[in-house]
Structures are given as structure tokens and as C-alpha cells.
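# Observations on the model geometry
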Amino acid sequence: MIIVTGAGGELGRAVVEQLLERVPAQRIGVSVRDPERARGFMDRGVRVRRGDFADPASLAHAFEGAAKVLVVSTDATGEAAVRHHRTAVEAAVAAGAGHVLYTSHMGANPSSPFPPMPDHAATEVALRDCGVAFTALRNGFYATSAVMLLGAAARTGELVAPEDGPVAWTAHADLAEAAALALTGEDLDGVTPALTGSEALDIAGVAEIASRLTGRPVRRVVVSDADYRAGLVAHGLPEPTADLLVGLFAASRQGRFAPADPTLGRLLGRPTIPLADVLRPALTGAR
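Everything quoted here is computed from the prediction, not taken from an experiment. (Residues numbered from 1 in each chain as written. Predicted model: local features only at pLDDT ≥ 70, side-chain atom pairs only at ≥ 80, totals over all residues. Heavy atoms only, no water.)

### Quick look at the overall build of the protein
Using the following cut-off: Numbering of helices and strands starts at the N terminus; helices are DSSP runs of H or I of at least 4 residues and strands are runs of E of at least 2. All radius of gyration figures rest on C-alpha atoms, and the globule criterion is 2.2 Å times the number of residues raised to 0.38. Here's how the labels work: a residue is buried when its accessible area is under 20% of the maximum for its type, exposed when over 50%, partly exposed in between, all with a 1.4 Å probe on protein chains only.
What the protein contains, in helices and strands, is 13 helices and 11 strands. Taking 2.2 N^0.38 as the reference for a compact globule, 287 residues should give roughly 19 Å; the C-alpha atoms of the protein span a radius of gyration of 19 Å, in line with that estimate. Overall size of the protein, expressed as C-alpha extent along the three principal axes, is 55 × 35 × 35 Å. Within the protein, the fraction of its 287 residues that count as buried is 53%.

Take a look at the structure:
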């Protein structure tokens, strides 16, 4: 069986949808913390079992019969995230999987100022040491994050953020298709090249797209890291989350999320989805 974790989330769910186009539903299993979130898959013949990275016994049951396991990274950071990822990798090997895949990141690096990146790097070490074939899918930066960073800019006319650098924004749909290909025979062993969209744009470029899509000017405004963080906290964002976002801009200034790489487009056999296509649905109501 092919097991996919995190199938209640956007990426995991999209991977399962892609798999259903390629293999019989009976060959697919999903591991989710809350099986109710995957009931729709169960109704289509997919095996749905509870699996929690914090509960190794649950993973043994969820991964039963696995030939391949895709470990979708958690939304946690720090020691807890690395521990959970290692637990999932170990459980996959213990269940007999001959290939373990993980949704890593193009910016994975132990020295990155963006907190999730050292976690990805540490998980890649666990993959290399797991004793079976592995694939670290070095995914590009999620294009949906640009929607979050835009926030109310389409209404206010200002996109306020610290100094930044180019980011190779990448659509979930493209990354899900790549993961499904890797799970069904495409040769993507080891650490992949960066799997990204076709262009790397900074925040000024995101503002330009927002202006074009809404028909209203969106001006890029640069503020200091400290002022940006203070503004986030003042609006109720928890300090660790504010620090994480400041780290994102610091890492982009260092070029950690660029350049764009052609590998994903070649793998899919088609152009990757442009950032404007991801932003358009979110911005339609802002016109």
C-alpha cells in the first residue's frame, strides 16, 4: 500500500486526490489524527486510519502493510517537529516500507533564520539514516503563503513588510502531483532538486500582481524587522508566530527561497501554475 500522512491538510489531501487518478483506491491508505476529516476518502474506498506522530502505536496501525509512506511535515517547529518527523520515519520502516518520502523544503538548512528550515534539514538527516530508500521532496515555498502576506493590502492599498528577497512561489497542486509521481514510480530517490514554480518574485512583485488582478494600486512599503514584529504582536499575533514571520523575510533576504528551478515543470511535463493564478481567487472579492 501507499500511505499518506496528513491527508486532512491541503497538501496531503491533494496528494491523495492525485493518487486516486493513478492507482486503485484499495492501494491507498491515509493516516490522519482525526479520521472524520478524511471520511470522504473512506467513502471512495481509501483505507483511513488514525495516526498521530506523537503516538507511535497509532502509526504502527496506520502504516500496516505499507510499501511506501509519504510523511507530510507538521505545522509545528523546533524540537517537537523533528521528534515527530523522526517518529513517523521510524514507524514507516518498522511497518516494512521499502521507501519513505518526506515533504521537505528548498530552503532546508540548519543555519536558516526561518525556523522550519532547520527542522527540515534535521529530518533529512533522519531520512538518510533510516536504512531504506528515501526521497526528500524539496518543495518550493507555498504560493498560498503570498495570500497570507498580502492580508488586507488589496483594500488598504499598501503591502507593508520588511526588506525581502525573491521567493520561488509554488502551487500546492503542482507539488501534490509531483509527490504522487514520486509515489507511483517516478525516479526521485534521495534529495531532490528544488521543486518550484517558474519564477521567483519578491514582495514588490507580489504587490504588482495584486494591483493587476484587482485593478487598484497596491504600494509596497518597507519597514524594519522590529517595527513589523511589533505591529504583528499589537494586532494579537503570538510572539513566536511573529518571530517566525520575521525569520521568513530574513531568510528570503539571504536568497534561501530562490532561484526558481525548472525541475518541477519538467517532471510534470507542463508549465507550473503561476503565482497570479493562485492569488486570483483570493483577490477577486477585493475588486
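### Focus: the environment of Ser-58
Residue position: Ser-58 is located in helix H3 (residues 56-62). Owing to a relative accessible area of 7%, Ser-58 belongs among the buried residues under this scheme. Taking the C-alpha atoms as reference points, Ser-58 and Val-32, 26 residues apart in sequence, are found 9.9 Å from one another.

### Quick notes on the sheet that holds strand E3 (residues 47-50)
Stated precisely, the cut-off is as follows: Here, any two strands with at least 2 DSSP bridges between them count as paired. Only heavy atoms matter for contacts: two residues are in contact if any of them lie within 4.5 Å across the pair. Angles run from 0 to 180 degrees between N-to-C directions of axes, and those axes are lines fitted to C-alpha atoms, restricted for helices to the stretch in contact.
Ordered in space as E3-E2-E1-E4-E5-E6-E10, the 7 strands form an open sheet in which the pairing is parallel. The open sheet terminates on both sides in strands that have one partner only, identified here as E3 and strand E10 (190-191). As defined by bridge partners, strand E2 (residues 28-32) adjoins E3 across 4 bridges and the pair is classed as parallel. Its bridge partner being in E3, Val-30 is matched across the sheet by Val-48. Helix H1 (residues 10-20) rests against strand E1 (2-5), E2, strand E4 (68-71), strand E5 (99-105) and strand E6 (133-139) of the sheet, and its axis sits at about 155 degrees to E1.

### Some details on the nonpolar core
Worth spelling out the cut-off: Buried residues of nine kinds, namely Ala, Val, Leu, Ile, Met, Phe, Trp, Tyr and Cys, make up a nonpolar core once their side-chain atoms join them within 4.5 Å.
Ranked by internal contacts, the top residues of the largest apolar core, which has 36 residues, are Leu-150, Leu-159, Trp-169, Val-206, Tyr-228, Leu-275 and Leu-279. Broken down by secondary-structure element, the contributors of at least two residues to this core are helix H6 (144-150), helix H7 (153-156), strand E8 (158-162), helix H9 (203-214), helix H10 (225-234), helix H11 (239-253) and helix H13 (275-283). Setting aside chain neighbours within four positions, we find Leu-159 in contact with Leu-149, Leu-150, Ala-153, Ile-203, Val-206, Ala-207, Val-218, Arg-219, Arg-220 and Val-221.

### Brief notes about the packing of H10 against H11
The criterion, for reference: An angle below 35 degrees is treated as roughly parallel, one above 145 as roughly antiparallel, one from 65 to 115 as roughly perpendicular, and anything else as oblique. Left-handed is the label given to a crossing in which the near helix is rotated counterclockwise from the far helix by less than a right angle, and right-handed is the label when the rotation is clockwise. Three residue categories are used. Nonpolar comprises Ala, Val, Leu, Ile, Met, Phe, Trp, Tyr, Cys and Pro, charged comprises Asp, Glu, Lys and Arg, and polar comprises the others, including Gly.
Interaxial distance between H10 and H11 falls to 9 Å at its minimum, and their mutual angle equals 150 degrees. Considered as vectors, H10 and H11 are oriented roughly antiparallel to each other. Between H10 and H11 lies a crossing whose hand is right-handed. Every residue of H11 that contacts H10 at Asp-225, Tyr-228, Arg-229, Leu-232 and Val-233 is listed here: Glu-239, Ala-242, Asp-243, Leu-245, Val-246, Phe-249 and Arg-253. Taken together, the residues that form the contact of H10 with H11 break down as 7 nonpolar, no polar and 5 charged.

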